[in-house]
Protein chains: 2
Amino acid sequence: MSPTQINHVAIVVEDLPTALHFWQDALGLSLQRTEDNPGEAVRIAFLPLGESEIELLEPTTPESGIAKYLAKRGPGMHHVCLQVDDIEAAMQRLRDHQIELINESPRIREDGTRYAFVHPRSAGGVMVELYELPAKA
Amino acid sequence: MSPTQINHVAIVVEDLPTALHFWQDALGLSLQRTEDNPGEAVRIAFLPLGESEIELLEPTTPESGIAKYLAKRGPGMHHVCLQVDDIEAAMQRLRDHQIELINESPRIREDGTRYAFVHPRSAGGVMVELYELPAKA
């Protein structure tokens, strides 16, 4: 039930073209795709890096959670996402150690990925996301 | 010359035992070793995670750069380190794209690792480190 790898590091950016100048043009990472997430009011650029990804998050409305984070903290690293094989077991183990979770139970993305966030005040100021990928067909 | 993987994510912590309660006990990562780095006045805990590592940095003096960062920003993610095969070429490519580096040329650790930092103001507020590991014997 321990995490097996870093799935992604998510970075809040003011605008994607400027961020891609650094991550794609200057550093040389490949841009796999960009995706609009209307639910969270962000546009996301995915740049694979080894077994992980760099995800760049640009807010698309001033009211989104990410926009508020950006206004308060400035651009920079937002969260790190750790991949687990069994998210329910991982969440239970965290609760057993008095770690506070933001999500009581896993949420599910369209592609079947199950995810949950640990509260930063239980994780030394770090926003930690857990991912359980859907079983492959 | 593009980065091949995330080498580590470095996290500034107020004290290692509290941080290890979360990362080791509750999350289940393995503590590989801790190391004192008197030069940078930090104690570092290394927790391997897939092809990467989580590094927890605890300042050992109030004057260290990490202590000042902690006082100013609070605990949390400090930098992400990307592994490259040829750090000189990676640095040149960054310069060619008008990216500002903190180190003019690579610095070298005792184990032979060559490293350099990109200035966060050129990287959208993210502290990015580059690592070129020593060739294996």
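(A) Representation of the pattern of salt bridges within the structure. Applying the stated criterion across every chain yields a total of 16 salt bridges over all chains. Ionic pairing is found between B:Glu100 and B:Arg121, a salt bridge with its closest N-O pair at 2.9 Å. Here B:Glu100 is found in the loop between helix H3 (87–96) and strand S6 (107–108), whereas its partner B:Arg121 is found in the loop between strand S7 (114–118) and strand S8 (128–132), with 21 residues between them in sequence. A cluster of three or more residues bridged by salt bridges with shared partners is formed by A:Asp36, A:Arg43 and A:Glu58.

(B) Broad picture of the environment of B:Asp111. Relative to the helices and strands, B:Asp111 resides in the loop between S6 and S7. As for B:Asp111 and B:Pro134, which are separated by 23 residues in sequence, their C-alpha atoms are 7.5 Å apart.

(C) Here's a closer look at the pairing of strand S4 (residues 52–59) of chain A. Residue and element names in this part refer to chain A. Taking burial as the measure, the 8 residues of S4 include 8 buried ones, the bulk of the element. Alternating positions in S4 separate into two faces, Ser52, Ile54, Leu56 and Glu58 on one and Glu53, Glu55, Leu57 and Pro59 on the other, with burial throughout. Bridge count between strand S1 (residues 5–12) and S4: 5 bridges; the pairing is parallel. Bridged to His8 within S4 is Glu53.

(D) Representation of the confidence of the model for chain A. Overall, the predicted model of chain A reaches an average pLDDT of 96, with 99% of residues at or above 70. If you check the scores for this complex, the pTM reads 0.96 and the ipTM reads 0.95.

(E) The layout of surface pockets, seen in detail. Taken as a whole, the largest pocket spans an internal volume of roughly 1100 Å³. Forming the walls of the largest pocket are 40 residues, and the residues nearest its centre are B:Asn37, B:Glu40, B:Arg109, B:Glu129 and B:Tyr131. A per-class count over the lining of the largest pocket returns 15 nonpolar, 13 polar and 12 charged. Its boundaries defined by the atoms lining it, the second largest pocket holds a volume of some 920 Å³. If you trace the second largest pocket, you find 38 residues lining it, with A:Ile44, A:Glu55, A:Arg109, A:Glu129 and A:Tyr131 closest to the centre. Every element with two or more residues in the lining of the second largest pocket is listed here: S1, strand S2 (33–37), strand S3 (42–49), S4, helix H2 (65–73), strand S5 (76–83), strand S7 (114–118) and strand S8 (128–132) of chain A.

Conventions and cut-offs
Every chain begins its residue count from 1, and numbering advances along the sequence as written. Chain A is the first chain written and ligand 1 is the first ligand written, with later ones labelled in order. Thresholds applied to this predicted model are a pLDDT of at least 70 for local features of residues and 80 or more for the giving and counting of side-chain atom pairs; totals over whole chains, interfaces and linings are not thresholded and use all residues. Side-chain metrics rest on all non-hydrogen atoms present in the structure, leaving aside hydrogens and water. Salt bridges are defined by distance alone: a side-chain nitrogen of Lys or Arg within 4 Å of a carboxyl oxygen of Asp or Glu. Each helix corresponds to a stretch of at least 4 residues labelled H or I by DSSP, and each strand to a stretch of at least 2 residues labelled E; elements are numbered beginning at the N terminus. To sort residues, take the accessible area from a 1.4 Å probe on protein chains only and compare it with the maximum for the residue type: under 20% means buried, over 50% means exposed, and anything in between is partly exposed. Strands are labelled as partners when DSSP assigns at least two bridges between them. The pLDDT value tells you how sure the predictor is about a given residue, anywhere from 0 up to 100. The definitions used throughout rest on a 1 Å grid laid over the protein atoms alone, on which a cavity is an enclosed set of points accommodating a 1.4 Å probe that cannot get out and a pocket is an open set flanked by protein within 12 Å on both sides along at least five of seven lines; lining residues are those having an atom within 4 Å of a point. Grid points are joined across faces, edges and corners, and a volume is the space filled by probe spheres set on the points. Here the term charged refers only to Asp, Glu, Lys and Arg, the term nonpolar to Ala, Val, Leu, Ile, Met, Phe, Trp, Tyr, Cys and Pro, and the term polar to all other amino acids, Gly among them.

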